[in-house]
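Notes for the structure review
The primary structure of each chain is shown beneath.
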Amino acid sequence: MPTAVNPGHPQRWFLTRRLIWISLTVVLGQSLISLAITTALTNRLMEGLLQGTMQRQGLKALNRVNNQLDQLTAAQAKACCTLKDYQHFLKPLELNDGKVALIVGQAGLASRISGQDRFSTTQLRQFATEAIDEEGGFAIIHTSAQNAVAVKAMKLAGGAQTGHFVYLRPVYAMPAVKTQSMIKFGAELVLILVTGVVLVMSAKRVFQPVRRISTDLASIELNTLDGATLSTAKAPIELLPILEEFNRMVERLRQAALNQKQFASTISHEFRTPLTVISGFLQSVLNRSDTLTEQQRKALGIADQEVLRLNRMLSDLLDLSRADNHQLSVRRDAFSLLPSLEHALRLARAAHRNPIHDDLAAVPNLADLEVVGDPDRLVQCIGNLIGNAAKYSPPDQPVALEVNHQGTAVEISVIDQGPGIPADQLERIFERFTRAEGVALPKGESSSGLGLSIVTMLMQAMGGSVSVQSTVGQGSRFSLRLPVADQP
Ligand code: ADP
């Protein structure tokens with residue numbers, strides 16, 4: 001089967017997962033070795049235990065057989081023993097739980113088996129021979145991977161012709177062995193489970209500082225670098241150099257950002273006065289001079305528009321730099337919403353060619369509705385959103401302003417039927433100096449990438465918020481939310 005290769009995503013690995021795997025392998029290996037050792041030790045222990053039991057039980061049975069042998073008359077003893085005699089000797093024995101008793105001698109092999117007949121005569125003969133050959137007459141013989149028999153062979157009273165009495169028990173059916181193997185299995189299972197839980201918990205604990213650092217890192221934003229240092233207290237020693245270097249880097253960045261802000265603030269201040277003067281002169285020439293040709297008037301008009309645009313941009317920059325330095329004053333007063341909306345609409349209709357619709361007349365009790373915030377800043381925010389809607393839509397496409405009163409908040413939406421914004425850009429566009437990838441700037445329009453970041457900053461300062469919904473090819477809906485003022 002061909003393997004899919006994704007060049008964009010090199011294989012990744014997780015430190016935690018690796019650590020767990022390595023630890024699990026080590027622990028498992030260790031468990032297996034200790035298991036092998038304990039099994040060997042228990043087997044020896046069990047062997048001793050079994051030998052004792054078999055010796056005791058075997059002797060008891062042997063005595064009963066020997067008793068019968070003792071009772072034989074001299075003539076009978078002389079004729080002893082035939083297979084029939086062997087059977088006769090075995091008869092009084094009480095056997096259960098798969099125990100087997102047999103006599104092997106010159107006459108052959110006679111056996112008594114309790115329970116189902118599980119061993120063939122050949123097998124029994126083999127067991128008997130093995131035990132007889134062993135020193136002490138005891139042997140444990142494995143009949144399969146799971147089963148074994150304990151065999152005890154003892155010489156019967158009388159001569160060679162009487163043979164051996166052999167006593168045999170399946171090992172795994174013995175209650176002591178059964179209980180022991182169950183306890184062992186249970187203990188091993190519990191041990192593995194406990195090891196697993198301890199491993200996972202310790203891995204979590206070990207990586208807690210790393211997770212804390214990544215949370216701290218995620219909370220750092222470029223425009224809030226003040227105090228954005230990572231805490232080195234309680235950090236693992238291995239990570240200290242990285243944390244300290246990061247903190248030094250943040251300090252350098254903070255200094256650079258400060259210089260940049262100061263530069264922007266100075267430039268905005270310095271440019272404003274000459275621009276106002278230029279705009280004043282242009283206006284006065286345009287208004288008072290009768291000798292201007294149409295072409296000259298048009299050129300001066302364009303110059304005046306550009307000065308106005310520059311002025312707006314400088315105001316935006318100044319607002320941002322004031323906000324960064326916590327010097328921006330935005331009110332949070334109760335004010336009547338309707339006049340601000342009408343004011344914003346008037347300005348927008350004068351500034352843009354697109355038809356701008358509104359549903360103010362259809363909103364119930366709008367004239368009485370009061371919200372909390374700064375009326376001038378709200379007009380500025382609405383103006384920004386309508387400006388964007390008009391800028392990115394064709395000039396004949398309508399733009400709409402909708403008002404929704406929802407309980408404790410009012411939502412003011414600016415809706416356009418422009419190009420829409422790709423979903424993966426919807427968060428980015430609220431950042432400073434950022435333009436949406438995939439949204440073309442119409443010819444003749446300019447863009448600073450500041451408008452939406454100012455709207456966000458102002459709305460937050462008023463205790464409100466801004467959000468966007470957009471579908472590529474269908475248009476966008478930008479919504480401002482403000483809290484409703486407490487009704488008297
Ligand atoms: P600017 O418009 O000056 O670039 P903004 O901060 O106002 O800056 O907007 C950021 C970006 O969001 C724009 O560059 C544009 O890509 C996108 N955008 C904003 N409003 C709209 C809109 N109504 N329709 C399509 N794209 C928009």
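Residues numbered from 1 in each chain as written. Predicted model: local features only at pLDDT ≥ 70, side-chain atom pairs only at ≥ 80, totals over all residues. Heavy atoms only, no water.

**Side note on the pairing of strand 2 (residues 108–113)**
Working note: regular strand, side chains alternate between the two faces of the sheet. Pairing between strand 1 (residues 100–105) and strand 2: 6 bridges, direction antiparallel. Within the sheet, the bridge partner assigned to Val104 lies in strand 2 and is Leu109. If you look at the hairpin formed by strand 1 and strand 2, you'll find 2 residues sitting between the two strands. (Pairing = 2+ DSSP bridges. Helix = DSSP H or I, 4+ residues; strand = E, 2+ residues; numbered from the N terminus.)

**Section: the state of the cysteines**
Put plainly, two cysteines are in a disulfide when a covalent bond ties their sulfur atoms together. Tallied over the full model, the rule gives 1 disulfide. Disulfide pairing is shown between Cys80 and Cys81; the S-S distance is 1.4 Å. Its S-S torsion of about 75° marks the bond between Cys80 and Cys81 as right-handed, since a negative value means left-handed. The class for Cys80 is buried, based on a relative accessible area of 5%. Overall, Cys81 belongs to the buried group, its relative accessible area being 10%. (Disulfide = S-S within 2.5 Å. Buried < 20%, exposed > 50% of the residue type's maximum accessible area, 1.4 Å probe, protein only.)

**Some details on the packing of aromatic side chains**
Scanning the entire structure with this criterion turns up 2 aromatic pairs. Seen from their ring centres, Phe119 and Phe127 are 5.4 Å apart, and the 80° between their planes marks the pair as edge-to-face. We note that Phe119, like Phe127, is buried. Measuring from centroid to centroid gives 6.4 Å for Phe430 and Phe478, while their planes differ by 65°, and the two rings are edge-to-face. Within this pair, whereas Phe430 is found in the loop between strand 10 (409–416) and helix 11 (451–461), its partner Phe478 is found in strand 12 (residues 475–483), the two being separated by 48 residues in sequence. Comparing Phe430 with Phe478 shows no difference in burial state: the two are buried. (Phe/Tyr/Trp six-rings, centres within 6.5 Å; stacked < 30°, edge-to-face > 60°.)

**Here we look at the confidence of the model for the protein**
Looking at the protein as a whole, its pLDDT mean stands at 86, while 95% of the residues score no less than 70. With pLDDT under 50 throughout, residues 1–11 is counted as low confidence; its partners more than four residues away or in other chains account for 0 contacts. (pLDDT = per-residue confidence, 0-100. Contact = heavy atoms within 4.5 Å.)

**Description of the side chain of Arg169**
Structurally, Arg169 can be placed in strand 5 (residues 164–170). One polar contact links Arg169 to Gln57, side chain to side chain, over a distance of 3.3 Å. Non-local contacts of Arg169, meaning those with residues more than four positions away in its chain, are made with Met54, Gln57, Asp97, Lys99, Ala148, Val149, Ala150, Met174 and Pro175. (Polar contact = N/O pair within 3.5 Å; in protein donor to acceptor, adjacent residues only side chain to side chain.)

**Looking at the site of the ligand**
Inspection of the region around the ligand gives 19 residues, with Asn388, Tyr392, Asp416, Ser447 and Leu452 positioned closest. Between Asn388 and the ligand, the recorded distance is 2.8 Å, taken from a side-chain N or O atom to an oxygen atom. In this structure, Ser448 approaches the ligand through a main-chain N or O atom, which is 3.0 Å from an oxygen atom. Against a free-state accessible area of 530 Å², the protein chains account for coverage of 98% of the ligand. Top element by residues in the shell around the ligand is helix 10 (residues 375–392). It accounts for 4 residues. Residue classes in the shell around the ligand are distributed as 9 nonpolar, 7 polar and 3 charged. (Near = heavy atom within 4 Å. Areas by Shrake-Rupley, 256 points an atom, 1.4 Å probe, with all protein chains shown as cover. Nonpolar A, V, L, I, M, F, W, Y, C, P; charged D, E, K, R; others polar.)

**Observations regarding the side chain of Asn247**
Mapping Asn247 onto the fold places it in helix 7 (residues 240–288). A relative accessible area of 15% means that Asn247 is categorised as buried. Reaching out from Asn247, the side chain makes a polar contact with the backbone nitrogen of Leu230 at a distance of 2.7 Å. When residues no more than four places from it in sequence are discounted, the contact partners of Asn247 are Thr229, Leu230 and Thr232.

**Examining unusual backbone geometry**
In this structure, Asn365 is a non-glycine residue whose phi angle is positive, near 55°. For Asn365, the position within the fold is in the loop between strand 7 (356–358) and strand 8 (370–373). Phi at Phe433 is positive, roughly 55°, even though this residue is not glycine. Tracing the backbone shows Phe433 in the loop between strand 10 and helix 11. On the basis of relative accessibility, which here comes to 54%, the residue Phe433 falls in the exposed class.

**Here we look at the domain arrangement of the protein**
What the domain assignment reports for the protein is domain 1 (15–182), domain 2 (237–324) and domain 3 (333–483). Domain 1 and domain 2 are separated by 101 Å when their C-alpha centres are compared. (Domains from an automatic or database assignment.)

**So, helix 9 (residues 337–351)**
The first and last C-alpha atoms of helix 9 sit 21 Å apart over 15 residues, in line with the 21 Å expected at 1.5 Å per residue. Those residues of helix 9 that sit buried are Leu337, Leu338, Ser340, Leu341, Ala344, Leu345 and Ala348. Looking straight down helix 9, one finds its buried side chains confined to an arc of 160°; they lie on one side. Structural note: helix 9 exposes Arg346 and Ala350 on the side pointing more than 90 degrees away from its buried face. The secondary structure elements touched by the buried residues of helix 9 are strand 6 (333–336), strand 7, strand 8, helix 10, strand 9 (399–406) and strand 10. (Expected span 1.5 Å × (residues − 1). Arc of directions from axis to C-beta.)

**Topic: the nonpolar core**
Burial of nonpolar side chains together is a common tendency in soluble globular proteins. Judged by nonpolar contacts, the single largest core of 51 residues is most densely connected at Leu337, Leu341, Leu366, Ile382, Leu401, Ile412 and Leu480. Those elements that place two or more of their residues in this core are helix 8 (294–324), helix 9, helix 10, strand 9, strand 10, helix 11, strand 11 (465–471) and strand 12. At 7 residues, the largest contribution of residues to this core is made by helix 10. The residue makeup of this core includes at least three contributed by each of domain 2 (237–324) and domain 3 (333–483). When near neighbours in sequence (up to four residues on either side) are disregarded, Ile412 contacts Leu337, Leu341, Leu378, Ile382, Leu401, Glu402, Phe478, Ser479 and Leu480. Core analysis: the second largest hydrophobic core is formed by 27 residues, Met54, Ala101, Met154 and Val177 among them. (Core = buried A, V, L, I, M, F, W, Y, C linked by side-chain atoms within 4.5 Å.)

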